[in-house]
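# Structural features, examined
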Amino acid sequence: MSSAFTPLSALIGGGLIGAAAALLWLALGRIAGISGLLGQAIAGATAGAERLWRILFLVGLPLGAYLAVQLGWAASPSAPPSNLVLAAIGGLLVGFGTRLGSGCTSGHGICGLARLSPRSLAATLVFMAAGMASVFVVRHLIGS
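These lines cover the structure that appears in this document, whether it is placed above or below. (Residues numbered from 1 in each chain as written. Predicted model: local features only at pLDDT ≥ 70, side-chain atom pairs only at ≥ 80, totals over all residues. Heavy atoms only, no water.)

## Observations regarding the overall build of the protein
From N to C terminus, the protein includes six helices and zero strands. Helices and strands appear in the protein in the N-to-C order α-α-α-α-α-α. Seen through its C-alpha atoms, the protein measures out along the principal axes to roughly 50 × 40 × 30 Å. Going through the 144 residues of the protein one by one, you find that 15% of them count as buried. Within the protein, contacts between residues separated by at least 24 positions form 36% of all contacts whose residues are at least 6 apart in sequence. A total accessible area of about 10600 Å² is found for the protein, and carbon and sulfur atoms account for 73% of it. (Helix = DSSP H or I, 4+ residues; strand = E, 2+ residues; numbered from the N terminus. Buried < 20%, exposed > 50% of the residue type's maximum accessible area, 1.4 Å probe, protein only. Contact = heavy atoms within 4.5 Å. Areas by Shrake-Rupley, 256 points an atom, 1.4 Å probe, with all protein chains shown as cover.)

What follows is the structure, encoded as structure tokens:
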């Protein structure tokens, strides 16, 4: 398994994510936490224009990726995981973690850290440590 580090595209992508989060904060006074946006859009906790902007924001995420691939700005995603059961378990654990941590990496790691939130700093450190531990276990102990 290899991956190529492309600093320019990483810088541009990070800048676009930061710009989108800043624009949402400045325009609507809202945090761009994807798990919260998704939860409120699905649960119907909000209605009308409040729900519409959340849905449009969420639709824009895969649409933007699709357009970037079509325009040749990004490589096409790799094949889906070969072990769908393991991928489903991982997805459920991520969902549980976002509930437990009261947010996801976008809400805490991008928006919360930008607001100098101590709670977001703690959450981001836990996210990063859990990610590193997961990679270590999968690559070195399980051997996948």
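Resuming the write-up.
## What to know about the packing of helix α2 (residues 34-43) against helix α3 (residues 49-70)
Relative to each other, α2 and α3 sit at 125 degrees, their axes nearing to 9 Å. By the criterion of interaxial angle, the relationship of α2 to α3 is oblique. Pair α2 / α3 crosses with left-handed handedness. Contacts between α2 and α3 involve Ile34, Leu37, Leu38, Gln40, Ala41 and Ile42 from the former and Arg51, Trp53, Arg54, Ile55, Phe57, Leu58 and Leu61 from the latter. Residue classes in the contact of α2 with α3 are distributed as 10 nonpolar, one polar and two charged. (Axes fitted to C-alpha atoms, helices over the stretch in contact; angles between N-to-C directions. Parallel < 35°, antiparallel > 145°, perpendicular 65-115°, else oblique. Left-handed = near helix turned anticlockwise from the far one by under 90°. Nonpolar A, V, L, I, M, F, W, Y, C, P; charged D, E, K, R; others polar.)

## Structural notes on a nonpolar patch on the surface
On the surface, Ile55, Val59, Leu63, Tyr66, Leu67, Leu71 and Trp73 cluster together into a nonpolar patch covering about 750 Å² of accessible area. Tracing the chain through its elements places Leu63 in helix α3. The exposure class of Leu63 is partly exposed, given its relative accessible area of 46%. (Patch = residues over 30% accessible without salt bridge, like charges linked within 9 Å, V, L, I, M, F, W, Y side chains within 5 Å. Salt bridge = Lys/Arg side-chain N within 4 Å of Asp/Glu carboxyl O.)

## Quick word on helix α6 (residues 118-142)
Since the α-helix packs 3.6 residues into each turn, any two residues three or four apart lie on the same face. Given a rise of 1.5 Å per residue, 25 residues ought to cover 36 Å, and the 34 Å separating the end C-alpha atoms of α6 matches this to within 8%. Every buried residue of α6 is accounted for by Ser120, Ala123 and Thr124. At the C-terminal side of α6, Gly143 shows a positive phi close to 90 degrees. (Expected span 1.5 Å × (residues − 1).)

## A look at the nonpolar core
Residues Ala21, Leu24, Ala32, Leu37, Ala41, Trp53, Leu58 and Cys111 constitute the largest nonpolar core, which totals eight residues. Once residues lying within four places of it in the same chain are set aside, the contact partners of Leu24 are Gly29, Arg30, Ile31, Ala32, Trp53 and Phe57. (Core = buried A, V, L, I, M, F, W, Y, C linked by side-chain atoms within 4.5 Å.)

## Some details on the pattern of salt bridges
Counting across every chain of the model gives two salt bridges. Ionic pairing is found between Glu50 and Arg30, a salt bridge with its closest N-O pair at 2.9 Å. Taken as a pair, Glu50 in helix α3 and Arg30 in the loop between α1 (7-28) and α2 lie far apart in primary sequence, 20 residues in all. Exposure remark for Arg30: the relative accessible area of 31% places this residue in the partly exposed category. Residue Glu50 is joined to Arg54 by a salt bridge in which the shortest nitrogen-to-oxygen separation is 3.0 Å. Taken as a pair, Glu50 and Arg54 lie in helix α3 at a separation of four residues, close to a single helical turn. Given a relative accessible area of 29%, Glu50 falls into the partly exposed group. Here Arg54 falls in the buried class, since its relative accessible area comes to 5%.

Honestly, it's all geometry; don't read function into it.
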